[in-house]
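# Structural characterization, general
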Amino acid sequence: MKKIQIINGPNLNLLGRREPGVYGAAPFDDCLASLRRRHPEVQIDYFQSNIEGELIDCIHRVGFDYDGIILNAGAYTHTSIALQDAIRAVPAPVVEVHISNVHAREAFRHVSMIASACRGVVCGFGMDSYRLALEGLLGAE
Ligand code: DQA
């Protein structure tokens, strides 16, 4: 069975309550349940932390073993060279995900410190960004 790790970074524990006009009104659990229903053939694990080092530890923990990582690093996307290094350190392909279209927002969100180390990037499709990333990973050779 393929194993995919979803990692959500800072403030994404508040999905459903945080700026619903930008990030939607549903908690992440709904998205996770729907991904698991849609892809019962895949083991989909979930981790969320507001702490940069814990995100890095999770990448280290799964990155030598899992078939892929879906990473919404939240605001660390725009700042973290340490996350970029962690992504480069492991063989598992990583897809950078954003719920919102970061390129249609403030200029500081147009820069990603992690995209160059990722297999691909999905942004702007709401919670569907996670499904598109998963299906991209599953379809990738
Ligand atoms: C986000 C976009 C980031 O710029 C922001 O800091 C987030 C969420 C998104 O999913 O749209 O926390 O990653």
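Starting from 1, residues in each chain are numbered consecutively following that chain's sequence as written. Only residues with pLDDT of at least 70 get local features here, since the model is predicted, and only at 80 or more are side-chain atom pairs given and counted; chain-wide, interface and lining totals rely on the full set of residues. Side-chain metrics in this entry use all non-hydrogen atoms of the structure; hydrogen atoms and water are not considered.

### So, the overall build of the protein
Cut-off, in case you're wondering: Starting at the N terminus, helices and strands are each numbered in turn, a helix being any DSSP run of H or I of at least four residues and a strand any DSSP run of E of at least two. Our radius of gyration looks at C-alpha atoms and nothing else; its globule reference is 2.2 Å times the residue count to the power 0.38. Relative accessibility decides the category of a residue: with a 1.4 Å probe and only protein chains considered, values under 20% of the type maximum give buried, values over 50% give exposed, and everything between is partly exposed. In this analysis, two residues are considered to be in contact whenever any of their non-hydrogen atoms come within 4.5 Å of each other. Note on areas: these come from Shrake-Rupley sampling with a 1.4 Å probe, and a residue is covered only by the protein chains present in the view. By the counting scheme adopted, Arg and Lys are positive, Glu and Asp are negative, and His together with the chain ends is not counted. All charge positions are set by atom: Lys at NZ, Arg at CZ, Asp at CG, Glu at CD.
Within the protein, the secondary structure is distributed over five helices and five strands. Along its sequence from the N terminus, the protein presents helices and strands in the succession β-α-α-β-α-β-α-β-β-α. In terms of overall size, the protein behaves like a compact globule, its C-alpha atoms giving a radius of gyration of 14 Å where 141 residues would be expected to give roughly 14 Å. The C-alpha extent of the protein, read off along each of the three principal axes, is 35 × 35 × 25 Å. Counting every position in the protein, which comprises 141 residues, the buried fraction comes to 46%. By sequence separation, contacts in the protein at least 24 residues apart represent 76% of the contacts at least 6 residues apart. Of the roughly 6,800 Å² of accessible surface on the protein, a fraction of 53% belongs to carbon and sulfur atoms. Between the mean site of the 13 positive side-chain charges and the mean site of the 16 negative ones, the protein shows a separation of 3 Å.

### Some remarks on the site of the ligand
Applicable threshold: Near residues are defined by distance, with any heavy atom within 4 Å of the molecule or strand qualifying the residue. A 3.5 Å cut-off defines polar contacts: any pair of N or O atoms within that distance qualifies, except that in protein one atom must be a possible hydrogen donor and the other a possible acceptor, and neighbouring residues in sequence count only when both atoms are side-chain atoms. Think of it as three bins: nonpolar holds Ala, Val, Leu, Ile, Met, Phe, Trp, Tyr, Cys and Pro, charged holds Asp, Glu, Lys and Arg, and polar takes everything else, Gly as well.
What surrounds the ligand is the set Arg 18, Tyr 23, Asn 72, Gly 74, Ala 75, His 78, His 98, Ile 99, Ser 100, Val 102 and Arg 109. Ala 75 is positioned with one of its backbone polar atoms (N or O) 3.2 Å from an oxygen atom of the ligand. Taken together, the residues that form the shell around the ligand break down as four nonpolar, five polar and two charged.

### Some points on the sheet that holds strand β5 (residues 120-123)
The following threshold applies: By the convention used here, strands pair only if DSSP detects at least 2 bridges between them. Axes, fitted as lines to C-alpha atoms, cover a helix only where it is in contact. Angles between the N-to-C directions of the axes lie from 0 to 180 degrees.
Spatial ordering of the open sheet is given by β2-β1-β3-β4-β5, a layout of five strands whose pairing is parallel. For this open sheet the edge positions go to β2 (42-48) and β5, each flanked by a neighbour on one side alone. With direction set aside, neighbouring strand axes in the sheet form an average angle of 20°. In this sheet, strand β3 (residues 68-72) lies alongside strand β1 (residues 2-8) in parallel orientation, the contact comprising five bridges. Bridge pairing links Ile 6 to Ile 70 in β3. Across the face of the sheet, helix α2 (residues 28-38) comes into contact with β1 and β2 while running at roughly 165° to β2. Of the strands in this sheet, β1, β2 and β3 touch helix α3 (residues 52-62), which is tilted by about 175° from β1.

### A word on α2
Applicable threshold: Note that the arc is defined by the directions from the helix axis to the C-beta atoms.
Looking only at α2, the buried set comprises Phe 28, Cys 31, Leu 32 and Leu 35. An end-on view of α2 places all buried positions within 100° of arc, on one side of the element. Structural note: α2 exposes Asp 29 and Arg 37 on the side pointing more than 90 degrees away from its buried face.

### Brief notes about the pattern of salt bridges
Filter applied, for reference: A carboxyl oxygen of Asp or Glu within 4 Å of a side-chain nitrogen of Lys or Arg is what we treat as a salt bridge.
Summed over all chains, the structure comprises six salt bridges. Put simply, Glu 135 and Arg 38 hold a salt bridge, and the shortest N to O gap is 3.3 Å. Here Arg 38 lies in helix α2 and Glu 135 lies in helix α5 (residues 128-139), a separation of 97 residues in the sequence. On the basis of relative accessibility, which here comes to 28%, the residue Glu 135 falls in the partly exposed class. With a closest N to O distance of 3.1 Å, Arg 131 and Asp 128 form a salt bridge. With Arg 131 and Asp 128 both in helix α5 and three residues apart, the pair spans about one turn of that helix. Salt bridges linked by common partners bring Arg 38, Asp 128, Arg 131 and Glu 135 together as one network.

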